[in-house]
Amino acid sequence: MHVAFLGLGAIGWPMARRVAEAKFPLAVWNRTASRAREFSEATGARAATSPADAARDADVVITCLPNSPEVMSLLDGGDGLLAAMRRGAALVDCTSGEPATSRRIAERLRERGVDFIDAPVSGGVSGAEKGALTVMVGGDRAVLDRVRPVLESFGQKIVHCGAVGAGDALKAVNNALLAVHIWSAAEGLALLVKEGVAPATALDVINASSGRSNASMNLIPERVLTRAFPRTFRLALLDKDVGIAAAVASADAVPAPMLQLTAALWKLAHNSLGEVADHVETVKIIEQWAGVEIA
Ligand code: NDP
């Protein structure tokens, strides 16, 4: 299968690298062209000059962009995917996107005889580097089966979740839970510092008890206590994910006060810390409010 990979960001790059290492003939495109050239030099993949140039010979086109509107924006125009993709090819969107926009993209592609699945991923940059991502798929199961060998180059657990949009919806809820856990764990630890409990002691107990989460077990010990705060997943993207979950809840008339509040808090964090901050740096806001350091 010939593959095109569009979007060599923090997670797109290691995912595309896994595709190249699995020996699929690969063309890559990135909005900032120098990054595609760098990737080409590192892996031997072909650096394409436009989405259309990348997609022309591809059986599978993978997109990994910030959100679904950016994916939609690649469809149109002379350099766009609609004009270039072959009938019978598939667009696999690994963006953590919006279910409703994915359904619109799928519809537009269907008119051209091109298949679509939404296939957002979880597991972070380190999971991508190891080929150990979880891939949650919405769309036709037969299309998933056809492209599965490509997804297996970066995904370990590949789950069919439902119709187009189901992967996006599940990813948004997963990340909303991540956001709740980071925020609530940081609030709890801040108050424990004020009560004279060392954060390491607090985490030792919490992680052997019922309040534990990925935030308490991994993110806070590795990134906050050490003050390392590595930049692997932008806060702006998690804000976007929680916003998607809250918007879907509203559209589906599901009362979700916790999700709505979490969306508002992460919007505030995003506005305050800017575009390049990592999601875990949000803890700094809670530290600032409380006047303590969780270290
Ligand atoms: P980055 O911000 O690191 O990279 C974004 C990529 O999208 C870059 O290649 C950027 O190009 C490109 N891009 C941005 N806007 C446009 C546009 N309008 N048109 C075309 N290309 C555009 O994001 P990540 O790689 O971290 O994330 C990508 C997706 O994966 C997101 O949906 C994110 O939520 C999800 N995700 C990320 C994880 C992570 O740990 N990082 C984990 C799981 C999911 P350019 O180089 O020109 O800026």
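Residues numbered from 1 in each chain as written. Predicted model: local features only at pLDDT ≥ 70, side-chain atom pairs only at ≥ 80, totals over all residues. Heavy atoms only, no water.

Points about the packing of helix H9 (residues 166-194) against helix H13 (residues 257-273)
Here is step 1: Interhelical geometry of H9 versus H13 gives an angle of 70° and a closest axis separation of 10 Å. Classified by the interaxial angle, the pair formed by H9 and H13 is roughly perpendicular. On H13, the residues touching Ala176, Ala179, Val180, Ile182 and Trp183 of H9 are Met258, Leu259, Thr262, Leu265, Trp266 and Ala269.
Here is step 2: The class makeup of the residues in the contact of H9 with H13 is ten nonpolar, one polar and no charged. (Axes fitted to C-alpha atoms, helices over the stretch in contact; angles between N-to-C directions. Helix = DSSP H or I, 4+ residues; strand = E, 2+ residues; numbered from the N terminus. Parallel < 35°, antiparallel > 145°, perpendicular 65-115°, else oblique. Contact = heavy atoms within 4.5 Å. Nonpolar A, V, L, I, M, F, W, Y, C, P; charged D, E, K, R; others polar.)

A closer look at the environment of Ala10
Here is step 1: The topology assignment puts Ala10 in the loop between strand E1 (3-6) and helix H1 (12-21).
Here is step 2: Judged by its relative accessible area of 48%, Ala10 falls in the partly exposed class.
Here is step 3: For the pair Ala10 and Gly127, spaced 117 residues apart in sequence, the C-alpha separation works out to 12 Å.
Here is step 4: The residues touching Ala10, leaving out its near neighbours within four places in the chain, are Arg35, Val125 and Thr232. (Buried < 20%, exposed > 50% of the residue type's maximum accessible area, 1.4 Å probe, protein only.)

Concerning the pairing of strand E5 (residues 90-93)
Remember that side chains alternate between the two faces of the sheet whenever the strand is regular.
Here is step 1: Because side chains alternate across E5, one face comprises the buried residues Ala90 and Val92, and the other comprises Leu91 and Asp93, equally buried.
Here is step 2: Here four bridges tie E5 to strand E6 (residues 115-118), and the two strands are oriented parallel to one another. By the bridge assignment, Val92 is partnered in E6 with Ile117.
Here is step 3: Since E5 and E6 lie parallel, the crossover through helix H6 (residues 99-110) that links them has a hand, and here it is right-handed. (Pairing = 2+ DSSP bridges. Right-handed = clockwise from strand over helix to strand, strands pointing away.)

As for the site of the ligand
Here is step 1: Taken together, 25 residues lie around the ligand, and Ala10, Asn30, Thr32, Pro66 and Lys240 are the ones closest in.
Here is step 2: Side-chain polar atom of Thr32 to an oxygen atom of the ligand: 2.5 Å apart, as the coordinates give it.
Here is step 3: Interatomic distance of 3.0 Å between a side-chain N/O atom of Arg234 and an oxygen atom of the ligand.
Here is step 4: The protein chains hide 86% of the 900 Å² of surface that the ligand would expose on its own.
Here is step 5: Of all the cavities here, the one that holds the ligand is the largest pocket.
Here is step 6: Every element with two or more residues in the shell around the ligand is listed here: helix H7 (124-130) and helix H12 (235-251).
Here is step 7: Split by residue class, the shell around the ligand holds eleven nonpolar, nine polar and five charged. (Near = heavy atom within 4 Å. Polar contact = N/O pair within 3.5 Å; in protein donor to acceptor, adjacent residues only side chain to side chain. Areas by Shrake-Rupley, 256 points an atom, 1.4 Å probe, with all protein chains shown as cover. 1 Å grid on protein atoms, 1.4 Å probe; cavity = no way out; pocket = protein on both sides within 12 Å on 5 of 7 lines; lining within 4 Å. Sits in = over half its atoms within 2 Å of the grid points.)

Some points on the domain arrangement of the chain
Here is step 1: Per the domain assignment, the segments of the chain are domain 1 (3-163) and domain 2 (169-290).
Here is step 2: In this structure, domain 1 and domain 2 have C-alpha centres spaced 28 Å apart.
Here is step 3: Taken together, the contact between domain 1 and domain 2 spans 13 residues of the former and ten residues of the latter.
Here is step 4: Around 850 Å² of area is buried between domain 1 and domain 2 when both sides are counted, 68% of it from carbon and sulfur atoms.
Here is step 5: For the pair domain 1 and domain 2, the interface holds three residue pairs in polar contact (both at pLDDT 80 or more).
Here is step 6: Partitioning the side of domain 1 that touches domain 2 into residue classes produces eight nonpolar, four polar and one charged. (Domains from an automatic or database assignment. Buried area = accessible area lost by both parts, 1.4 Å probe.)

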